[in-house]
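# Structural overview for review
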Amino acid sequence: MKLTPQFLTFKSPVFVGGVVAAFSSIAVLTSSAVLAQSSNNLPDTSRATASGVVQMIRIDGDQGDIQLDGFLNESVWQSIPAFDGMRVINPDTLAPAPLRTETRIFYNERGIYVGAMNYQDPDTLVARMSSRDDGVQRDGYVLSIDTSGQGLYGYFLRINLGGTLSDGTILPEKQIGRDWDGPWDAVTQELDNGWSTEMFIPWGMMQLPEAGETRQIGIYTERMVTSRNETWSWPALPNTNPEYLSAFQKFELSGINPRTQFTFYPYASATHNNLSDDTKYRTGADLYWRPNSNTQLSATINPDFGTVESDEVVVNLSAFETFFSEKRTFFIEGQDVFATHPRNNGSPFGPITTLNTRRIGAAPVFDIPAGVQTSVTDRNSPSELLGAVKVTGSQGNWRYGTLLAAEDDTVIRGTAADGSAVRLNATGRDFAIGRLLYEDTSGGGRRGIGWIGTRLQHPGRDATVNGVDVSYFSADTRWVFDGQLLHSDVDGVTGSGTMFDLNYRPARGVQHTFTGTFFDDKLDINDVGYLQRNDHQMLDYRFSLTESASAAYRSRTRSFNIINQWNGDGRPVRLGLFAGQNMSFNDNTQLNLNVRYFPARVDDRLSRGNGTYKIPHRWSYDANWSSDRSRPLSYNFGIGNAEEDLGPANINYSAGFQWQPNDRFVTEMNVSYRDREAWLVHRGGTRMTSFEATEWAPRLNASYFITAKQQFRLAIQWTGIKAQEDRFFSIDQTDVRHLIPVAKPNATTDNFTVSRMSFQARYRWEIAPLSDLFVVYTRGSNLPNDLGADYQDLLFDTWSQRITDTWVVKLRYRLGN
């Protein structure tokens, strides 16, 4: 990393809590990325060293006690000098921020305290409450912390005007995991000259490496000003810059080795099933123990993984499994150490990850005899867990983690052909996961090598996966490489594969990305992980260019992709030339344009192993426009045509609005309509049918906040499809050719309808950080085929013909030091 000297002048000595910070002219060395900002980029609150490290002020005793109310009226705030130095990073101009942001930070044995004064015309403030982590456009303030002090792992903490929290974990360089929630707190206040916030971040919620008397952490601050559609930060680290976590300003602290932390997280819940008219009661607890600052032991006793959240309604008739993200607190906590590759978060064929914790406690697999009828709801209900244990930690340059979980046996009842009752049993699965990671930042940049292993044991299946991952971030910040080798053994059948991502950024705003994959046809990681397809070879290229601040737009990103993907037989399964442009205009509206050309390829998956056939070349385009989301009423429109595999049109229209007349109420409505002229669906064996189909998919969300900590939310999502058979085809299993048109194979119609709905009404009261009372009503349905119904009938029948209808009351409370 290039170092450039900067000379800062601090004019007066300051006495705070018995500590004298005598400021004078100091030569400071910081990275070139950080120095693209004003000369007051280092805070006045501390003594800066010649290495560019700043000593953060420590205030112990009563003087460090503040009432967390958002007002900066305690004497401690008045005695600490503020720092600013923010620059505009979105749009990426790096111009000095036009308004002041005064940040004050101190620490003690309990944690870090932050007070921020955000100067702004009060008439331009945008305060909006939402559920935690919702991506709502509003004014906000971010403090991110690199607790490793070496750019290896950290935490993202955002307080939004109105009191809603957003947070997540950070891995290099900017992989932010939004699923994690921490027990920190913050409060905001609207003022005559802007708004202010107070934040408290306890040491006990963060992983800290082992250290002596002193340690270093990195700090990054950010501010969102919605009325200007701008984001400012200090240090100035725009998305076009390759550095993020490793470029945080380093602060030095002394005497911080948090004592043993113990957290007891009990819950009690009651679930009433309106369909069976029975009520189940459960109690249990999660336990978290930190014997020291760099180790955490987690356990769960009689866990309740019953849902107070709901997954999206998805209609998937493809050959690829849908991925659902984790929502359960126990599995999210400390999960970042198990991340092995950026593609854990997504790829052209969905995420690729050796650990998908949604497999643990998933629906069991039953061996159902012929002629026995069972309830779909019973078969798809999650498995109960007997318990789970997780250990995560670090030692020097090493990080480690292990996770053990055991499912209970599951019993359901079925009905035989003669009407007699049948008892069906599924044996629970046992899971074991291990992780070891070595990372080194000496000499600049970052290098890492790690191992991950997963194992599933079950009387009917034994699966083991091992992976080795490597990462490299060059000292000049231009090159980033991530790769992984994989090996699987499932009941004696072994497979292997490898993947890599290579990024080159020769200048700010310019990025070249090469993505490679080789998976053989025996690789299988899906017992514990997630992989949409094996038998896959890929070498893709992407170029992107981001430009900012012209007379026509605020920012513009243009991209070009070359897609080059094949199977093990040397046949192309996905080829493409893509071009896109995303523009943000001066009036805060946005326009996104994409055009894609797909050369001829083959499909070797939709037939479910019944043959490979050719697909002709196709085109795709889409355009999406959205209005200024800082307004009380905003809206969006979109249109696209992704030609079907057989060539005819597949047109999708979308529209939506968001109405937020005040900071407590918001309603959002989105609807999409799809018109398909040749939807190709596998009908068994070598049979394929194309359908003329239409689809409606409306979604409504509405929330009212009694306070920032109490929310009432309604969410409803429905998908309705009507498909009429059109043409019939057969797959030639002796050769790879285009589908063979055939006559209708039988008198039975292939026409079908789909009607699925999810409805949830939820009250949530956050009694204390991560302590909540939930009252939740959930209703779901999946209507059987109803060929004669119109869309209105499908909608109303779906509401009345329930397969899920439950009330849940759940209380969880976090206890600990």
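Procedures and definitions
- Residues numbered from 1 in each chain as written.
- Predicted model: local features only at pLDDT ≥ 70, side-chain atom pairs only at ≥ 80, totals over all residues.
- Heavy atoms only, no water.
- Helix = DSSP H or I, 4+ residues; strand = E, 2+ residues; numbered from the N terminus.
- Rg over C-alpha atoms; globule rule 2.2 N^0.38 Å.
- Buried < 20%, exposed > 50% of the residue type's maximum accessible area, 1.4 Å probe, protein only.
- Areas by Shrake-Rupley, 256 points an atom, 1.4 Å probe, with all protein chains shown as cover.
- Lys, Arg positive; Asp, Glu negative; His and termini not counted.
- Charge placed at Lys NZ, Arg CZ, Asp CG, Glu CD.
- Arc of directions from axis to C-beta.
- Contact = heavy atoms within 4.5 Å.
- Polar contact = N/O pair within 3.5 Å; in protein donor to acceptor, adjacent residues only side chain to side chain.
- Pairing = 2+ DSSP bridges.
- Axes fitted to C-alpha atoms, helices over the stretch in contact; angles between N-to-C directions.
- Core = buried A, V, L, I, M, F, W, Y, C linked by side-chain atoms within 4.5 Å.
- pLDDT = per-residue confidence, 0-100.
- Phe/Tyr/Trp six-rings, centres within 6.5 Å; stacked < 30°, edge-to-face > 60°.
- Lys NZ or Arg CZ within 6 Å of the ring centre and 35° of its normal.
- Salt bridge = Lys/Arg side-chain N within 4 Å of Asp/Glu carboxyl O.

For the rest of this paragraph, the subject is the overall build of the protein chain. Tallying secondary structure elements over the protein chain gives four helices and 50 strands in all. The globule rule puts the C-alpha radius of gyration for 817 residues at 28 Å, and the 28 Å found for the protein chain is close to it. Based on the C-alpha atoms only, the size of the protein chain along its principal axes is roughly 90 × 60 × 55 Å. Counting only residues that meet the buried cut, the protein chain has 51% of its 817 residues in that class. For the protein chain, the accessible area works out to roughly 34700 Å², and carbon and sulfur atoms hold 53% of it. One finds the centroid of the 77 positive side-chain charges in the protein chain at a distance of 3 Å from the centroid of its 92 negative side-chain charges.

Taken together, the buried positions of helix α4 (residues 791-800) are occupied by Tyr791, Leu794 and Thr798. Buried residues along α4 cover an arc of 55 degrees about the axis, so they all sit on one side. On its buried face, α4 sits against β43 (687-707), β44 (710-730), β47 (752-768) and β48 (771-783). At the N-terminal boundary of α4, the capping side chain belongs to Asp790, with an oxygen 3.2 Å from the backbone nitrogen of Gln792.

So, about the sheet that holds strand β14 (residues 185-191). Across the sheet, four strands lie side by side as β8-β9-β15-β14; this open sheet has antiparallel pairing. Both edges of this open sheet fall to β8 (101-107) and β14, since each of them pairs with a single strand only. The sheet shows a mean angle of 10 degrees between the axes of neighbouring strands, taken without regard to direction. Direction of pairing for strand β9 (residues 111-119) relative to strand β15 (residues 194-202): antiparallel, over a ladder of nine bridges. What sits directly across from Ala116, in β15, is Thr197.

In a beta sheet, neighbouring strands pair by backbone hydrogen bonds and run either parallel or antiparallel. On the basis of which strands lie adjacent, the open sheet formed by three strands has the order β22-β25-β26 and antiparallel pairing. Both outer strands of the open sheet, β22 (373-374) and β26 (421-426), are each paired with one neighbouring strand and no more. Pairing of β22 with strand β25 (residues 410-415) involves two bridges; the strand directions are antiparallel. When the bridges of β25 are listed, Gln373 appears paired with Thr415.

By size, the foremost hydrophobic cluster in this structure holds 40 residues, and its most contacted members are Ile112, Ile145, Met199 and Ile201. Among the elements of the structure, β8, β9, β10 (140-146), β11 (154-160), β15, β16 (214-225), β17 (230-234) and β18 (249-254) are those that each provide at least two residues to this core. Membership of the second largest hydrophobic core comes to 20 residues, among which are Leu355, Ile360, Ala405 and Val528.

Cis geometry is found at the peptide bond from Asn90 to Pro91, where omega equals 5 degrees. Here Pro91 shows up in the loop between β7 (87-90) and β8. Note the cis peptide between Pro172 and Glu173, where omega equals -20 degrees. Mapped onto the elements, Glu173 comes out in the loop between β12 (165-171) and β13 (175-177). Positive phi outside glycine occurs at Leu94, with the angle close to 60 degrees. Among the secondary structure elements, Leu94 is positioned in the loop between β7 and β8. Residues other than glycine seldom take positive phi values, yet Asp535 does so here, at roughly 50 degrees. In this fold, Asp535 is placed in the loop between β32 (510-519) and β33 (536-548).

The residue Leu386 is located in strand β23 (residues 385-395) in this model. Accessibility expressed as a relative area gives 54% for Leu386, which makes it exposed. Considered as a pair, Leu386 and Thr300 are 86 residues apart in the sequence and their alpha carbons are 8.9 Å apart. The contact partners of Leu386, leaving out residues within four places of it in the chain, are Asn302, Pro303, Ala406, Glu407 and Asp408.

Once that is clear, we can look at the side chain of Thr340. Tracing the chain through its elements places Thr340 in the loop between α2 (329-332) and β22. Judged by relative accessible area, which is 7%, Thr340 ranks as buried. Engagement of the side chain of Thr340 in a polar contact is seen with the side chain of Gln484, the distance being 3.3 Å. Setting aside anything within four residues of it in sequence, one finds Thr340 in contact with Thr354, Arg435, Ile452, Asp469 and Gln484.

Turning to the environment of Met499, a few remarks are in order. Summarising the element assignment, Met499 is placed in strand β31 (residues 493-507). In this structure the C-alpha to C-alpha distance between Met499 and His682, which are 183 residues apart in sequence, comes to 30 Å.

With 92% of its residues at a pLDDT of at least 70, the protein chain reaches an overall mean of 88. Low pLDDT (under 50) marks residues 1-42, which in the prediction has 98 contacts with non-local residues, meaning those over four places away or in another chain. Counted against residues more than four places away or in other chains, residues 44-50, with its pLDDT under 50, gives 32 contacts.

Bridge count for strand β19 (residues 261-273) against strand β20 (residues 278-292) is 13 bridges, and the pairing is antiparallel. When the sheet's bridge partners are listed, Ala268 is paired in β20 with Thr283. Between β19 and the antiparallel strand that follows it, β20, lie four residues; Asp277 among them carries a positive phi value of about 55 degrees. Bridge count between β19 and strand β50 (residues 815-816): two bridges; the pairing is antiparallel. Within β50, the residue paired with Phe264 across the bridge is Leu815.

Okay, the pairing of strand β27 (residues 430-440) next. Note that strand β24 (residues 398-407) and β27 share nine bridges and pair antiparallel. Its bridge partner lying in β27, Tyr400 is registered against Leu436. Taken together, β27 and the strand that follows it, strand β28 (residues 446-458), pair antiparallel across an intervening segment of five residues, in which Gly443 is found at a positive phi of about 80 degrees.

To continue, consider the packing of aromatic side chains. According to the stated counting rule, one finds 28 aromatic pairs in the structure shown. Taking 5.0 Å as the distance between ring centres and 70 degrees as the angle between the ring planes, the aromatic pair formed by Phe323 and Tyr530 counts as edge-to-face. Pair noted here: Phe323 is in the loop between β21 (295-301) and α2 and Tyr530 is in the loop between β32 and β33, with a separation of 207 residues, a long-range link. Taken together, Trp77, Phe106, Tyr113 and Phe200 form an aromatic cluster joined through their ring pairs. One cation-aromatic arrangement involves Arg178 over Phe156; the distance from NZ or CZ to the ring centre is 4.6 Å.

Turning our attention to the pattern of salt bridges. Taken as a whole and assessed by the stated rule, the structure comprises 43 salt bridges. Residue Glu321 pairs with Arg359 through a salt bridge whose shortest N-O separation is 2.7 Å. Separated by 38 residues along the polypeptide, Glu321 in the loop between β21 and α2 and Arg359 in the loop between α2 and β22 bring together distant segments of the chain. For Glu321, a relative accessible area of 35% translates into the label partly exposed. Where Lys709 meets Glu766, a salt bridge forms, and the shortest distance between an N and an O atom there is 4.0 Å. Note that Lys709 is positioned in the loop between β43 and β44 and Glu766 in strand β47, a separation of 57 residues in sequence. On the accessibility criterion, Lys709 (26% relative accessible area) is partly exposed. Among the residues examined, Glu766 registers a relative accessible area of 15% and is labelled buried.

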